[in-house]
Amino acid sequence: MKLLEPGTEIDGFVITQLLHAGGMAHVYRVAYANGRPDPGFPMVMKVPRMADGDGAENIVGFEVELMLLQSVTGPHVPRFVAAGDLERLPYLVMEYVPGRTLQQWLDEARETRQPPTAADIARAGAAVATALHALHQQNAVHMDLKPANVILRDPPAGTPAGAPPQALLLDFGLSWHAHVPDLLAEELRPAVGSPAWIAPEQVVGVRGDPRSDIFALGVILYELATG
């Protein structure tokens, strides 16, 4: 799919800026067209890549993420706004969260050769564990937890120095929820996930176990501690 130009209008949304062009999706900052007020928070539009030769993973992941974003709530997941017609132009519009992903944090530490302190790692780990617990309490499992899929939200103005960070989970295209169909298990190969963080049971096709996310969190903490 070609990139959308700033100013393009889609179903009442206008593209303002390209944020990310990845192998699975393009992500844009968007606003309501015709001067409509925003919903109380900034928004992004995620458009899955569907180029010739791409497998079914992108479109199945889009359907999974759509169902999950409409099924979970709370401060640790982006707020859902709207979705596009799958047959015409699939997209997801959701809350834009200002902050840094753990992957950006890691990359910066490697570039500057200033690894995070043990206290910083503990604070970040506690924030991610809190976000995962909130997700698991809603009968959902992320199944693709990695540094690029965790963002530490920028603290609001006036937040005291040293206040605990708030983690927010991103990219639910491989996720599982007890109350929606598990399309990945039905339509794709058993093992899905990012190889460096995937839990052993995921390799043999076990889905829906919160311990898989806890395993991935352990890998992330090891990565933060060792660089």
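Below is a short write-up of the structure. (Residues numbered from 1 in each chain as written. Predicted model: local features only at pLDDT ≥ 70, side-chain atom pairs only at ≥ 80, totals over all residues. Heavy atoms only, no water.)

1. Overview of the overall build of the chain
At step 1: When its secondary structure is counted, the chain shows six helices and 11 strands.
At step 2: Long-range pairs, those at least 24 residues apart, make up 61% of the contacts in the chain with a sequence separation of at least 6.
At step 3: For the chain, the exposed surface amounts to about 11600 Å²; the carbon and sulfur share of it is 55%.
At step 4: In the chain, 16 positive and 26 negative side-chain charges are present, and the distance between their average locations comes to 5 Å. (Helix = DSSP H or I, 4+ residues; strand = E, 2+ residues; numbered from the N terminus. Contact = heavy atoms within 4.5 Å. Areas by Shrake-Rupley, 256 points an atom, 1.4 Å probe, with all protein chains shown as cover. Lys, Arg positive; Asp, Glu negative; His and termini not counted. Charge placed at Lys NZ, Arg CZ, Asp CG, Glu CD.)

2. Overview of the side chain of Glu 95
At step 1: Within the secondary structure layout, Glu 95 lies in strand β6 (residues 92-95).
At step 2: Within polar-contact distance, the side chain of Glu 95 engages the side chain of Arg 153 at 3.4 Å.
At step 3: Sequence-distant contacts of Glu 95, defined by excluding residues within four places in its chain, comprise Phe 41, Pro 42, Val 44, Val 77, Pro 78, Arg 79 and Arg 153. (Polar contact = N/O pair within 3.5 Å; in protein donor to acceptor, adjacent residues only side chain to side chain.)

3. Quick look at the packing of aromatic side chains
At step 1: Enumeration over the complete set of coordinates arrives at two aromatic pairs.
At step 2: Consider the rings of Phe 13 and Tyr 32, whose centres lie 5.3 Å apart with planes at 25°: the pair is stacked. Of the two residues, Phe 13 sits in strand β2 (residues 13-21) while Tyr 32 sits in strand β3 (residues 25-32), which places them 19 residues apart along the sequence. There is no split in this pair, since Phe 13 and Tyr 32 are both buried.
At step 3: A centroid spacing of 6.4 Å and a plane angle of 75° characterise the contact between Phe 13 and Tyr 91, whose relative ring orientation is edge-to-face. Of this pair, Phe 13 sits in strand β2 while Tyr 91 sits in the loop between β5 (80-83) and β6, placing them 78 residues apart in sequence.
At step 4: Tyr 91 sits in the buried class, given a relative accessible area of 2%. (Phe/Tyr/Trp six-rings, centres within 6.5 Å; stacked < 30°, edge-to-face > 60°. Buried < 20%, exposed > 50% of the residue type's maximum accessible area, 1.4 Å probe, protein only.)

4. Here we look at the nonpolar core
At step 1: Core analysis: the biggest nonpolar cluster contains 32 residues, and Leu 102, Val 128, Leu 145 and Leu 169 have the highest contact counts within it.
At step 2: If you list the elements that add at least two residues to this core, you get α1 (57-69), β6, α2 (102-112), α3 (118-136), β9 (150-153), β10 (167-169) and α6 (210-226).
At step 3: Among the elements that take part in this core, α3 stands out by supplying seven residues, more than any other.
At step 4: In contact with Leu 145, other than residues within four places in its own chain, are Val 128, Leu 132, Val 150, Leu 169, Trp 197, Asp 213, Ala 216, Leu 217 and Ile 220.
At step 5: In this structure, Ile 10, Phe 13, Val 30 and Met 43 belong to the second largest nonpolar core, which totals 15 residues. (Core = buried A, V, L, I, M, F, W, Y, C linked by side-chain atoms within 4.5 Å.)

5. Side note on the packing of α2 against α6
At step 1: It is at 10 Å that the axes of α2 and α6 come closest, and there the two elements cross at 20°. The angle between α2 and α6 falls in the class roughly parallel. Of the two possible hands of crossing, α2 and α6 adopt the one that is left-handed. From α2, Leu 102, Trp 105, Leu 106 and Arg 110 reach across to α6, where they touch Ile 220, Glu 223 and Leu 224.
At step 2: Residues that form the contact of α2 with α6 fall into these classes: five nonpolar, no polar and two charged. (Axes fitted to C-alpha atoms, helices over the stretch in contact; angles between N-to-C directions. Parallel < 35°, antiparallel > 145°, perpendicular 65-115°, else oblique. Left-handed = near helix turned anticlockwise from the far one by under 90°. Nonpolar A, V, L, I, M, F, W, Y, C, P; charged D, E, K, R; others polar.)

6. A short note on the side chain of Arg 207
At step 1: Within the element layout of this structure, Arg 207 appears in the loop between α5 (200-203) and α6.
At step 2: Accessibility expressed as a relative area gives 15% for Arg 207, which makes it buried.
At step 3: Here Leu 174 takes part through its backbone oxygen, which lies 3.2 Å from a polar atom of the side chain of Arg 207.
At step 4: Within polar-contact distance, the side chain of Arg 207 engages the backbone oxygen of Ser 175 at 2.9 Å.

7. Some thoughts on α3
At step 1: An ideal rise of 1.5 Å per residue puts 27 Å on 19 residues; α3 measures up with 26 Å between its terminal C-alpha atoms.
At step 2: Along α3, the residues that are buried comprise Ile 121, Ala 124, Gly 125, Ala 127, Val 128, Ala 131, Leu 132, Leu 135 and His 136.
At step 3: On the buried face of α3, the contacting elements are α2, β8 (140-141), β9, β10 and α6. (Expected span 1.5 Å × (residues − 1).)

8. Some thoughts on the pairing of β2
At step 1: Where strand β1 (residues 9-10) meets β2, two bridges bridge the pair, whose relative direction is antiparallel. Looking at β2, one finds that Glu 9 is bridged to Val 14.
At step 2: Taken together, the seven bridges between β2 and β3 define a ladder with antiparallel strand orientation. Across the sheet, Phe 13 pairs through a bridge with Tyr 32, a residue of β3.
At step 3: If you look at the hairpin formed by β2 and β3, you'll find three residues sitting between the two strands. (Pairing = 2+ DSSP bridges.)

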